[in-house]
Amino acid sequence: MPPRRDVPGVKPSTALRTGWRALAERSASVLPLYLLASGLYGIARVPLLVAGLVALWIAGASGRLDPFVEVLRRSQRAASGDAAGSDPFASGTVNPDQLGPGFGDAVGNLLTPEIVALLALGALGAAVLGIVASAVGSAVAVGGIAGLLRGGDGVRAGVDGAAAYWRSILGVRVLFLLALAVVVVPLGSVVAGVASAVLGAAASASGAGAAPSVGGSVAAAGIAVLGALVAAVLVLVIVLLFAFAEQAVVVDDAGALAAVRRSVRFPLDRPTAFLGYVAVAFGALVVSVTVAVAGSLTGTARLTGLVGAIALPPIVDGYKTSVYAETALPDDPNPTPLDGRARAAFLGGLREAGAFVRDHPVANLAALACILAGGAIGWVATSSFGVTLPVGSDVGGVFGGGPLGPVGTAVNLAVNNWLVAADLAYSGLAAGVPAVVSLGFNGLLVGAVGGAFDPTAFAALVAPHGVVEVPALVVGGALGLHLGAVALGAFRGRRGADDVVDAVRLAYRVLLGLAPLFVVAGLIEAFLTPAIAALVLGG
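Residues numbered from 1 in each chain as written. Predicted model: local features only at pLDDT ≥ 70, side-chain atom pairs only at ≥ 80, totals over all residues. Heavy atoms only, no water.

Bringing the overall build of the protein into the picture now. Secondary structure summary: the protein contains 18 helices and 0 strands in total. Burial statistics for the protein: of 539 residues in total, 42% are counted as buried. Contacts in the protein between residues far apart in sequence, at least 24 positions, make up 85% of those at least 6 positions apart. (Helix = DSSP H or I, 4+ residues; strand = E, 2+ residues; numbered from the N terminus. Buried < 20%, exposed > 50% of the residue type's maximum accessible area, 1.4 Å probe, protein only. Contact = heavy atoms within 4.5 Å.)

Our next topic: the pattern of salt bridges. Applying the stated criterion across every chain yields a total of 13 salt bridges. Of the charged contacts, one joins glutamate 246 and arginine 173 as a salt bridge, the two residues approaching to 2.7 Å between their closest N and O atoms. Note that glutamate 246 is positioned in helix H9 (residues 245–252) and arginine 173 in helix H7 (residues 154–206), a separation of 73 residues in sequence. What you see here is one network of salt bridges that share partners, running through Arg21, Glu25, Arg26 and Asp331. (Salt bridge = Lys/Arg side-chain N within 4 Å of Asp/Glu carboxyl O.)

With that settled, consider unusual backbone geometry. Notably, aspartate 253 is not glycine yet its phi reads approximately 55°, a positive angle. Among the secondary structure elements, aspartate 253 is positioned in the loop between H9 and helix H10 (256–269). In the Ramachandran plot, glutamate 326 falls in the positive-phi region, its phi being about 55° despite a non-glycine side chain. Checked against the element boundaries, glutamate 326 lands in the loop between helix H12 (302–325) and helix H13 (338–359). For glutamate 326, a relative accessible area of 6% translates into the label buried.

Attention now goes to the packing of aromatic side chains. Within the structure shown, the criterion is met by 5 aromatic pairs. Ring geometry for phenylalanine 244 against phenylalanine 266: centres 4.1 Å apart, planes inclined by 25°, an arrangement best described as stacked. Taken together, the residues span a long stretch of sequence, with phenylalanine 244 in the loop between helix H8 (214–241) and H9 and phenylalanine 266 in helix H10 at a distance of 22 residues. Considering the side-chain rings of phenylalanine 244 and tyrosine 277, the 5.3 Å spacing of their centres and the 70° angle between planes classify their relative orientation as edge-to-face. Separated by 33 residues along the polypeptide, phenylalanine 244 in the loop between H8 and H9 and tyrosine 277 in helix H11 (residues 271–298) bring together distant segments of the chain. Of the two residues, phenylalanine 244 and tyrosine 277, both sit in the buried class. (Phe/Tyr/Trp six-rings, centres within 6.5 Å; stacked < 30°, edge-to-face > 60°.)

Helix packing geometry: the angle between the two helix axes and the distance between the axes. The geometry of helix H2 (residues 27–39) relative to helix H15 (residues 406–427) is characterised by a closest axis approach of 8 Å and an angle of 85° between their N-to-C directions. By the angle between their directions, the pair H2 and H15 is classed as roughly perpendicular. For the pair H2 and H15, the contacting residues are Pro32, Leu35, Leu36, Ser38 and Gly39 in the first and Trp418, Ala422, Asp423, Tyr426 and Ser427 in the second. Looking at the contact of H2 with H15 residue by residue, the class counts come to 6 nonpolar, 3 polar and 1 charged. (Axes fitted to C-alpha atoms, helices over the stretch in contact; angles between N-to-C directions. Parallel < 35°, antiparallel > 145°, perpendicular 65-115°, else oblique. Nonpolar A, V, L, I, M, F, W, Y, C, P; charged D, E, K, R; others polar.)

Taken together, the side chains of Leu404, Val407, Val519, Leu523, Phe527, Leu528, Ile532, Leu535 and Val536 make up a nonpolar region of the molecular surface, amounting to roughly 810 Å² of accessible area. Structurally, isoleucine 532 can be placed in helix H18 (residues 497–537). (Patch = residues over 30% accessible without salt bridge, like charges linked within 9 Å, V, L, I, M, F, W, Y side chains within 5 Å. Areas by Shrake-Rupley, 256 points an atom, 1.4 Å probe, with all protein chains shown as cover.)

Our next topic: the nonpolar core. By size, the foremost hydrophobic cluster in this structure holds 63 residues, and its most contacted members are Trp418, Tyr426, Val510 and Leu511. Among the elements that line this core, the one with the most residues is H18, at 13 residues. With near-sequence residues (within four places) excluded, tryptophan 418 lies in contact with Leu35, Leu306, Ile310, Leu511, Leu512, Leu514, Ala515 and Phe518. Among the nonpolar cores identified, the runner-up in size contains 37 residues, and Ile169, Leu170, Leu180 and Val323 belong to it. (Core = buried A, V, L, I, M, F, W, Y, C linked by side-chain atoms within 4.5 Å.)

Attention now moves to H10. At 3.6 residues per turn, the α-helix brings residues three or four places apart onto the same side. Along its 14 residues, H10 runs 19 Å from first to last C-alpha, staying within 8% of the 20 Å computed at 1.5 Å per residue. The complete set of buried residues in H10 reads Ala256, Ala259, Val260, Ser263, Phe266 and Pro267. (Expected span 1.5 Å × (residues − 1).)

The next thing to look at is the environment of proline 530. Along the chain, proline 530 falls in helix H18. For proline 530, a relative accessible area of 15% translates into the label buried. Placed 70 residues apart in sequence, proline 530 and alanine 460 show a C-alpha to C-alpha distance of 8.6 Å.

For H15, with 22 residues, the first-to-last C-alpha span of 31 Å sits near the 32 Å given by 1.5 Å per residue. Of all 22 residues in H15, 16 are buried; the element is thus mostly enclosed.

Where H9 meets H10, the closest approach of the two axes is 8 Å, and the angle between their N-to-C directions is 120°. Here H9 is positioned oblique relative to H10, judged by the angle of their axes. Here the hand of the crossing between H9 and H10 comes out right-handed. Contacts between H9 and H10 pair Ala245, Ala248, Val249 and Asp252 from the former with Ala259, Val260, Arg262 and Ser263 from the latter. Here the residues of the contact of H9 with H10 are counted per class, giving 5 nonpolar, 1 polar and 2 charged. (Left-handed = near helix turned anticlockwise from the far one by under 90°.)

The predicted model of the protein averages 84 in pLDDT, with 82% of residues at 70 or higher. Across the protein, the secondary-structure element scoring lowest on mean pLDDT is helix H4 (residues 66–80), at 63, and the one scoring highest is H9, at 96. Ignoring residues within four places in sequence, the model shows residues 1–7, a span with pLDDT below 50, making 19 contacts including any to other chains. Scored below 50 in pLDDT, residues 82–96 shows 19 contacts in the model against residues more than four places distant or in partner chains. (pLDDT = per-residue confidence, 0-100.)

Attention shifts here to the side chain of glutamine 247. Considering the arrangement of structural elements, one finds glutamine 247 in helix H9. Beyond its immediate chain neighbours, meaning those up to four positions away, glutamine 247 contacts Val142, Asp252, Asp317, Lys320, Thr321 and Tyr324.

Locating leucine 111 in the fold gives a position in the loop between helix H5 (103–110) and helix H6 (113–149). You can call leucine 111 exposed: its relative accessible area is 52%. Distance from leucine 111 to alanine 59, taken between C-alpha atoms, is 8.9 Å for residues 52 residues apart in sequence.

Okay, the environment of valine 436 next. In this structure, valine 436 sits in helix H16 (residues 433–452). Note on valine 436: relative accessible area 37%, which makes it partly exposed. C-alpha of valine 436 to C-alpha of alanine 366: the two residues are 70 residues apart in sequence and 8.9 Å apart in space. Setting aside its immediate chain neighbours within four residues, valine 436 contacts Cys370 and Leu481.

Shown next, in the form of structure tokens:
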């Protein structure tokens, strides 16, 4: 869709309304795109998770875990024989200083050069995949928004955009990182060199071997702060100059270099639209910070992730794409009130979730098998240590708290688990591998905790809400396996783009159906599980 240079540009206010209307009026076409873009980052976690698990296996096979386990055994024996009751686990948290001598050495014993290299390799792989995933996600999101501006199907346009534009957007991301490196690295070197010279001169003036004077230290600190401010300004300039490069890729079908050149020219060609973007971006930042602060104060911090993933990005991208393409969102020929669409979406989602479980038994059983296998491995691994950790005297403290009490906890749990399910689903597009790894890893964590704690205590703390939460997460993982099978079939030429679009839409509808289940699980975990655990455990 070439930019319409023969007509007056879209006003910033119209473009901003376009972003809001895309989210509010076309939510069924927009939210799947941004959940998909967010979920793709789950692919980047795979190398780090695999590296961590392999490192743990190497440490266990080589006996390097034994000193760590022995420290825990000594602490447990000391706690059980301490008449004064100074149990290091009594508060529900563990302070390493209370675990006795040898704890630091035991942890350090795990960090061999081989394990450190393995973890570094995993981190590097995660960084590379993260950049690629961000490029694909941006191609999906911007391509979908551009498709909506054309009057087309946003999800179909997003899927097509991922195939058509991800390489060019990846090139833009690489050029952006190179631009940052060209600016920040030399500046940092100069600042570090000047600050070091000032400190050296101050030390020389104070006498041979003497520490730098207070004035010299202050001067060096001032240089470092000034350098940091200059670097921050330059980074901001680079960010703004690259701001419309992805829109240029999608709207103009431009390559990476051409897109960057057009983005750099945009502030000169369209200063009003560019200043409008600065205002919109600053407003989005203010909203994000406000939500983060409010979440921190009320104990509902996970709402920040929800807002940052699917609420603000469509509005900002809608503005940028609209002003760049000089096209506003067409009117919806069949408008439906938002509340009516929300009720229909969630109720329909519950039906879709049930139908998905019924119609895709293999995917659901495979997801269940992944989480059970991980749980069994974790249980066997930690139960073999012969260490049983007590829950602590404050059972309710296990579930956290905050100004809103259980309400805040319930909100955090529901939002977090729903986002986890969305990540499981959409990261599975990478042939289902991230879904398998994430399911197995989460099962491993639960099993490892279960093997290290008293079985009765573990059941009391997990079972009440787990009977709702775990099956819902299994369905999320099954969605990932289903999407992976569809994407793999499309890659092999056995399925078409329509099949991928249908699978992306199905995942979104099922995720809407899982949302009420996570709300119920969060309420149970926040309000009922502590009471049940206290009754069972006498805490």
